[in-house]
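Listed below, chain by chain, are the residues.
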Amino acid sequence: MAFEFLTHNSIIYVLIAWVIVFAAAKISKLDKHGFEIKPYSLTYKNQNVQLILTRILSRTQRATRIFANTSVVLGFVMMGAAFWYLASNLSNFFVKPESFSEMTVLIPGVTIQSSSNIAYFLLSVPIVLVIHEGAHGIVATLEKIKIKTGGFAVFIALFAGFVEPDEEEFVKAKKLSRLRVIGAGATSNVLFSFIIAGLLIFNPSFALIMPDPIKGVFYNQPLGVPIVSVTQGSGAEKAGLQKDDIINAIDGNPIVLPQDFAKVKLKAGDTAMVTIIRDGKTLQIPVVTTPSTTDPQKGMLGILRAALPSYQPVVPYYIHWSPEVFMFLLWLWMLSFFIGIFNMLPLPILDGGKFIHTIIEKKVSEKILKGAMISIYAVTFALFGLNIALSAVKSGFITI
């Protein structure tokens, strides 16, 4: 399950949306079609999930078996990756502060501020949940574990998907079978995130969120900073600068990142030699600066620059997603990847806790098992909590 913090206005919008959903559910009498309607939740259970999963399995049995075996291996890998990230990031806060990354997953520590981001979140979460729970269900069916019901629940602003296996059959199943079922959900999310990344990777905007070691594999160094718009009547307009031109130097001073503009000191009335890239060609254009509205002595080109640099893929292939489609896919990728990875942390409410418990049980006494699980939970809570707390100390709650 994913949790999120909302701003005051966002909470109002969400509550209004919930009242509309609740009223529509009541008016439509959804309670007669398998829904359970309460003032704070809407739950749907389907008794025929097993039949649907069996049909899917009949067509994908070989692939599902490979996937099920892979999910056990990837379960360990994802758990290790989550621990490594939390531990190394925590170390960076004290040893290498500039490399410390604020927690940006949709688990406590994120503030959703804009209505558009709420929309992308609401559209993405059901897809992520269906994939996650569907993977649990189809692998359980492969392992001959009966699925009693499946469905979803909405708790005002929180979403949850579920498949409900027969508890007695699950407990009696082989340990490997249970590990396959448990690991399938997170594995499906991460594999799905790779598919989404394949759609996004050749869009330069995706480079902005990739770690530097990986970024270098797919993207060349930034070309410069794009022009978002040109001010009417300015020196830039008169000189012929255009929207989407990429500025990579001013008076010989390299412009790679947006902050490089601060290194260039221009006076009103000066002629600045601006080097740009347009349609793959490098051009040098003289621009007569105009006085700044805040400081008449300071010269301005008359452009609005992008807040981010322009990266180009190593492979000469570019998918021109519309901004709305790109943001939706980005949210889908983010939720799939991070929920998949962090869902394998060994915590009581996550798959990782069940995964570790299944591995340890029956090898030690019940007393030792209980003590071991409490210790593992405590270490995980400490790592996770410190990362969020230190993120808040450094930057406040992360806003998106």
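Here is what the cut-offs are and how they apply
- Residues numbered from 1 in each chain as written.
- Predicted model: local features only at pLDDT ≥ 70, side-chain atom pairs only at ≥ 80, totals over all residues.
- Heavy atoms only, no water.
- Helix = DSSP H or I, 4+ residues; strand = E, 2+ residues; numbered from the N terminus.
- Buried < 20%, exposed > 50% of the residue type's maximum accessible area, 1.4 Å probe, protein only.
- Areas by Shrake-Rupley, 256 points an atom, 1.4 Å probe, with all protein chains shown as cover.
- Expected span 1.5 Å × (residues − 1).
- Bend = angle between axes of the 7 residues up to and from the residue.
- Core = buried A, V, L, I, M, F, W, Y, C linked by side-chain atoms within 4.5 Å.
- Contact = heavy atoms within 4.5 Å.
- pLDDT = per-residue confidence, 0-100.
- Salt bridge = Lys/Arg side-chain N within 4 Å of Asp/Glu carboxyl O.
- Axes fitted to C-alpha atoms, helices over the stretch in contact; angles between N-to-C directions.
- Parallel < 35°, antiparallel > 145°, perpendicular 65-115°, else oblique.
- Left-handed = near helix turned anticlockwise from the far one by under 90°.
- Nonpolar A, V, L, I, M, F, W, Y, C, P; charged D, E, K, R; others polar.
- Phe/Tyr/Trp six-rings, centres within 6.5 Å; stacked < 30°, edge-to-face > 60°.
- Pairing = 2+ DSSP bridges.

What follows concerns the overall build of the chain. When helices and strands are counted, the chain shows ten helices and 15 strands. Evaluated residue by residue, the chain yields a buried proportion of 45% over its 400 residues. Surface accessibility of the chain: about 21500 Å² in total, with carbon and sulfur atoms responsible for 65%.

Moving on to helix α2 (residues 49-95). The terminal C-alpha atoms of α2, which comprises 47 residues, lie only 51 Å apart, well short of the 69 Å expected from a rise of 1.5 Å per residue. The sharpest bend along α2 measures roughly 90 degrees and falls at T60.

Bringing the nonpolar core into the picture now. Membership of the largest hydrophobic core comes to 45 residues, with the highest contact counts inside it found for V139, L345 and F355. Among the elements that make up this core, the one with the highest residue count is α2 (eleven residues). Look past the residues within four positions of V139 in its chain and what remains in contact with it is T64, F67, A68, R180, V181 and A184. Listed in part, the 25 residues of the second largest apolar core include V128, F202, M210 and L329.

Turning our attention to the confidence of the model for the chain. Averaged over the chain, the pLDDT score is 83; the fraction of residues at 70 or greater is 89%. Note on residues 105-111: pLDDT is under 50 here. Beyond four places in sequence and across chains, it has 35 contacts.

Before going further, it helps to spend a moment on the pattern of salt bridges. This model, assessed by the stated rule, comprises seven salt bridges. The closest approach of N and O atoms between K38 and E36, which form a salt bridge, is 3.2 Å. Of the residues examined, K38 reaches a relative accessible area of 31% and is grouped as partly exposed. A relative accessible area of 39% places E36 in the partly exposed class. Across the pair D245 and R278 runs a salt bridge, and its minimum N-O distance is 2.7 Å.

For any two helices packed against each other, the geometry comes down to the angle between their axes and how far apart the axes lie. Orientation of helix α5 (residues 175-200) relative to helix α8 (residues 323-342), taken along the N-to-C sense of each, is 150 degrees, at an axis distance of 8 Å. With respect to α8, the element α5 is oriented roughly antiparallel. Handedness of the crossing formed by α5 with α8: left-handed. Counted together, A186, N189, V190, F192, S193, F194, I196, A197 and L200 of α5 and F326, L329, L330, L332, W333, S336, F337, I339, G340 and I341 of α8 form the full contact between these two elements. Across the contact of α5 with α8, the residue classes tally to 15 nonpolar, four polar and no charged.

Under the criterion given, the structure shown has ten aromatic pairs. On the basis of an interplanar angle of 85 degrees and a centroid distance of 5.3 Å, the ring pair of F206 and W333 is categorised as edge-to-face. Of this pair, F206 sits in the loop between α5 and α6 (212-218) while W333 sits in helix α8, and the two are 127 residues apart along the sequence. The class for F206 is buried, based on a relative accessible area of 3%. Between W333 and F338 the ring centres are 6.0 Å apart and the planes differ by 75 degrees, which places this aromatic pair in the edge-to-face class. You can call W333 buried: its relative accessible area is 14%.

Let us now look at the environment of Y219. Relative to the elements of secondary structure, Y219 occurs in the loop between α6 and β7 (225-230). By relative accessible area, which is 3% here, Y219 ends up buried. With 92 residues separating them in the primary sequence, Y219 and Y311 have C-alpha atoms 6.4 Å apart.

Sheet analysis places β7 next to strand β8 (residues 246-250), joined by two bridges and oriented antiparallel. Its bridge partner being in β8, P226 is matched across the sheet by I246. Pairing between β7 and strand β14 (residues 303-305): three bridges, direction antiparallel. Among the inter-strand pairings, V230 is bridged to a residue of β14, identified as I303.

Before going further, it helps to examine the side chain of T64. Assignment of secondary structure puts T64 in helix α2. Among all residues touching T64, those that are not within four sequence positions of it are L57, I138, V139 and L142.

With eight of ten residues buried, helix α9 (residues 351-360) lies mostly within the body of the structure. Among the residues of α9, D351, G352, G353, F355, I356, T358, I359 and I360 are the ones counted as buried. Two residues or fewer after α9 comes K362, characterised by a positive phi angle close to 70 degrees.

In this section: the environment of K144. Relative to the elements of secondary structure, K144 occurs in the loop between α3 (115-142) and β5 (147-155). Between the C-alpha atom of K144 and that of E169, which follows or precedes it by 25 residues, the distance is 8.5 Å.

What follows deals with the packing of α2 against α8. Put simply, α2 and α8 touch, their axes get as near as 8 Å, and they point 95 degrees apart. Taken together, the axis directions place α2 and α8 in an arrangement best described as roughly perpendicular. Together, M78, A82, Y85 and L86 of α2 and G340, I341 and F342 of α8 make up the contact between the two elements. When its residues are assigned to classes, the contact of α2 with α8 shows six nonpolar, one polar and no charged.

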